[in-house]
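Topology and contacts: notes
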Amino acid sequence: MRVLVVEDEDYLAELIAEGLRSQAIATDVAHDGAEALRRFEAMDYDVVVLDRDLPEVHGDDVCRQIVDSGRLTRILMLTASGTVRDRVEGLGLGADDYLPKPFSYEELVARVLALGRRARPALPPVLKRAGVVLDIPRRQAYRDGRRLDLSRKEFAVLETLMRADGAVVGTDELIEEVWEEHISYNSNAVRVTVSKLRAKLGQPSVVETVSGSGYRMRANGDAGERMRASG
């Protein structure tokens, strides 16, 4: 999942972003409506957490343009006003959910996760492949019954590979899915993270490097089908 937080109060924006990143959600931040629209044009987001009262371009206009784009992006609108009229107006603009300030960060994260599930094709909350079990709601991973101690990035990379169901996932796609901000496509961040993930998954290895293309997760980890663990 990838989320865009649009909030003009820097401190609040970073608090929200950190709360989402703690759940292994790639999160970008914009501080005004114009920046939000530029980011939206450049990146596919599953959810936009949108403050209604924004400088440059008002949150209502940002909401309209996101809705008019025809993308599956879901919108959680934030506002300092919690009146029924404001909630009705916000939902009438096309927002999928509405949360008045002040709010519980646990509730915000739960609502974002729920909206993210609606933005993507339905998948079971627990993914299984090659002896690996990924419990997404609980943020837990297991290999052959052994609990894995994964970092946020490692968990997110594993989730992306498991969701691909054996298809190759390119390095650029992993960067867009997992890393909060753009990093150089020549960066070795993906390679290093995949290498650490392989080490924690153990043998036989189930994450395969496809030369010139990216990575994929094998359907099984039979010793006779072990792939190279380089790259």
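Residues numbered from 1 in each chain as written. Predicted model: local features only at pLDDT ≥ 70, side-chain atom pairs only at ≥ 80, totals over all residues. Heavy atoms only, no water.

**A look at the overall build of the protein chain**
Within the protein chain one finds eight helices and 11 strands. Counting only residues that meet the buried cut, the protein chain has 48% of its 231 residues in that class. The long-range share in the protein chain, meaning contacts at least 24 apart out of those at least 6 apart in sequence, stands at 58%. For the protein chain, the accessible surface area stands at approximately 11,200 Å², while carbon and sulfur atoms represent 48% of it. (Helix = DSSP H or I, 4+ residues; strand = E, 2+ residues; numbered from the N terminus. Buried < 20%, exposed > 50% of the residue type's maximum accessible area, 1.4 Å probe, protein only. Contact = heavy atoms within 4.5 Å. Areas by Shrake-Rupley, 256 points an atom, 1.4 Å probe, with all protein chains shown as cover.)

**What about the nonpolar core?**
Within the largest apolar cluster, 29 residues are counted, with the highest numbers of intra-cluster contacts made by L134, V157, L158 and L201. Every element with two or more residues in this core is listed here: β7 (132-135), α6 (152-163), α7 (171-178), α8 (189-201) and β11 (214-217). Here this core takes six residues from α6, the largest share from any one element. Ignoring any residue separated from it by four or fewer positions in sequence, one finds L134 in contact with P125, V126, L127, Q140, A141, F155, L158, E159 and M162. (Core = buried A, V, L, I, M, F, W, Y, C linked by side-chain atoms within 4.5 Å.)

**Side note on a negative patch on the surface**
Taken together, the side chains of D8, E9, D10 and D53 present a region of like negative charge at the surface. Turning to its location among the elements, D53 is positioned in the loop between β3 (47-51) and α3 (59-68). (Patch = residues over 30% accessible without salt bridge, like charges linked within 9 Å, V, L, I, M, F, W, Y side chains within 5 Å. Salt bridge = Lys/Arg side-chain N within 4 Å of Asp/Glu carboxyl O. Lys, Arg positive; Asp, Glu negative; His and termini not counted. Charge placed at Lys NZ, Arg CZ, Asp CG, Glu CD.)

**Details of the packing of α6 against α7**
Axis separation between α6 and α7 bottoms out at 10 Å; the angle between their running directions is 125°. Here α6 lies oblique to α7, going by the angle between them. Of the two elements, α6 crosses α7, and the hand of that crossing is right-handed. On α7, the residues touching K153, A156, V157 and T160 of α6 are L174, E177 and V178. Considering only residue class, the contact of α6 with α7 consists of four nonpolar, one polar and two charged. (Axes fitted to C-alpha atoms, helices over the stretch in contact; angles between N-to-C directions. Parallel < 35°, antiparallel > 145°, perpendicular 65-115°, else oblique. Left-handed = near helix turned anticlockwise from the far one by under 90°. Nonpolar A, V, L, I, M, F, W, Y, C, P; charged D, E, K, R; others polar.)

**A short note on the sheet that holds strand β2 (residues 26-30)**
As summarised here, the arrangement of the five strands in space is β2-β1-β3-β4-β5, forming an open sheet in which the pairing is parallel. Every other strand in the sheet has two partners, leaving β2 and β5 (97-100) as the edge strands with one partner each. Going from strand to strand, the sheet's axes swing by 20° on average, the running direction of each strand aside. In terms of strand pairing, strand β1 (residues 2-6) meets β3 through four bridges, oriented parallel. When the bridges of β3 are listed, V3 appears paired with V47. Along the sheet, α3 makes contact with β3 and β4 (74-79), crossing β4 at roughly 175°. (Pairing = 2+ DSSP bridges.)

**Topic: the confidence of the model for the protein chain**
Scored by pLDDT, the protein chain comes out at a mean of 83, with 84% of its residues at no less than 70. Segment residues 221-231: pLDDT under 50, and 23 contacts once partners within four positions in sequence are set aside and those in other chains are kept. (pLDDT = per-residue confidence, 0-100.)

**As for the packing of aromatic side chains**
Inspection of every chain in the model, using the stated rule, returns one aromatic pair. Between F103 and Y105 the ring centres are 5.4 Å apart and the planes differ by 75°, which places this aromatic pair in the edge-to-face class. Judged by its relative accessible area of 33%, Y105 falls in the partly exposed class. The ring of F40 has R71 sitting right over it, with the charged end atom 4.1 Å from the ring centre. (Phe/Tyr/Trp six-rings, centres within 6.5 Å; stacked < 30°, edge-to-face > 60°. Lys NZ or Arg CZ within 6 Å of the ring centre and 35° of its normal.)

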